Amino acid sequence: VSVLAAGEFSRYEGDFEYRNPTLIGQPTQTRLGADRSLRALYASADYASGKHSFAASGWLNSVERGLPGPANANPVNARQWDDNARVWLRASHALGRWQVGVDAVGQKSDLRYENRAAGDSSLTRSRSLRADVDGRTAFGRSVAFRGALAAGSEWNDATSDWNLAGSADVVWTTGSVELY
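Rules and cut-offs
Residues numbered from 1 in each chain as written. Predicted model: local features only at pLDDT ≥ 70, side-chain atom pairs only at ≥ 80, totals over all residues. Heavy atoms only, no water. Pairing = 2+ DSSP bridges. Helix = DSSP H or I, 4+ residues; strand = E, 2+ residues; numbered from the N terminus. Phe/Tyr/Trp six-rings, centres within 6.5 Å; stacked < 30°, edge-to-face > 60°. Buried < 20%, exposed > 50% of the residue type's maximum accessible area, 1.4 Å probe, protein only. Lys NZ or Arg CZ within 6 Å of the ring centre and 35° of its normal.

S.K.: Report on the pairing of strand β10 (residues 160-174), specifying residues and quantitative values.
M.R.: Bridge count between strand β9 (residues 143-156) and β10: 13 bridges; the pairing is antiparallel. Following the sheet pairing, alanine 151 is matched in β10 by leucine 164. Where β9 folds back on β10, the antiparallel hairpin that results is connected by 3 residues. Pairing of β10 with strand β11 (residues 177-179) involves 3 bridges; the strand directions are antiparallel. Within β11, the residue paired with tryptophan 172 across the bridge is leucine 179. The antiparallel hairpin formed by β10 and β11 contains 2 residues in its connecting segment, where glycine 175 sits at a positive phi of about 60°.

And the structure:
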């Protein structure tokens, strides 16, 4: 069993002084509203025993940032929030000469914008799911085979999309030559 975890928290004010050449006398002004706050967490765990293995990982990310607008204008006080979550799962098992694996991935993403001065706000949500199944085997010392099937879906507030794909690969090796 192996376990890994990592996290981050950071904050940046983003305010700085600058000389504004668009104003008479080119006064020094302070740039406001370019702050950013980030929170992120990643965790992963793996387990293997004999013919079985399993892995799971997860990631959470949240960012809030100010959008200050043009440098030659007053701050617009607009804000943006990006929130994301992702989970990966993998299991594999040896069945005789075959190694069979199953993968699954899910993701959620939200992007929110707000500009109170302009009375403007929006929220965009997107989601995705994907699953893969694959099998691998060798026939003697010179031929390897891999077959896979994948299905997935992505959707947001306005659209959705489904996909299905399959593949098969054969590799024949003789001496230093490999044919695919």
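S.K.: Residue-level account of the packing of aromatic side chains, with values.
M.R.: Under the definition given, this model contains 2 aromatic pairs. Note on tyrosine 42 and tryptophan 88: the rings are 6.2 Å apart at their centroids and 65° apart in plane angle, and the pair reads as edge-to-face. Residue tyrosine 42 is located in strand β4 (residues 36-49), and its partner tryptophan 88 is located in strand β6 (residues 78-95); the two are separated by 46 residues in the primary sequence. A relative accessible area of 27% places tyrosine 42 in the partly exposed class. Given the relative accessible area of 27%, tryptophan 88 is considered partly exposed. Centroid distance tryptophan 98 to phenylalanine 145: 6.0 Å. Interplanar angle 80°. Geometry classified as edge-to-face. Placement of tryptophan 98 in strand β7 (residues 98-115) and of phenylalanine 145 in strand β9 is noted, with a sequence separation of 47 residues between them. The aromatic ring of tryptophan 81 is capped on one face by arginine 112, whose charged end is 3.8 Å from the ring centroid.

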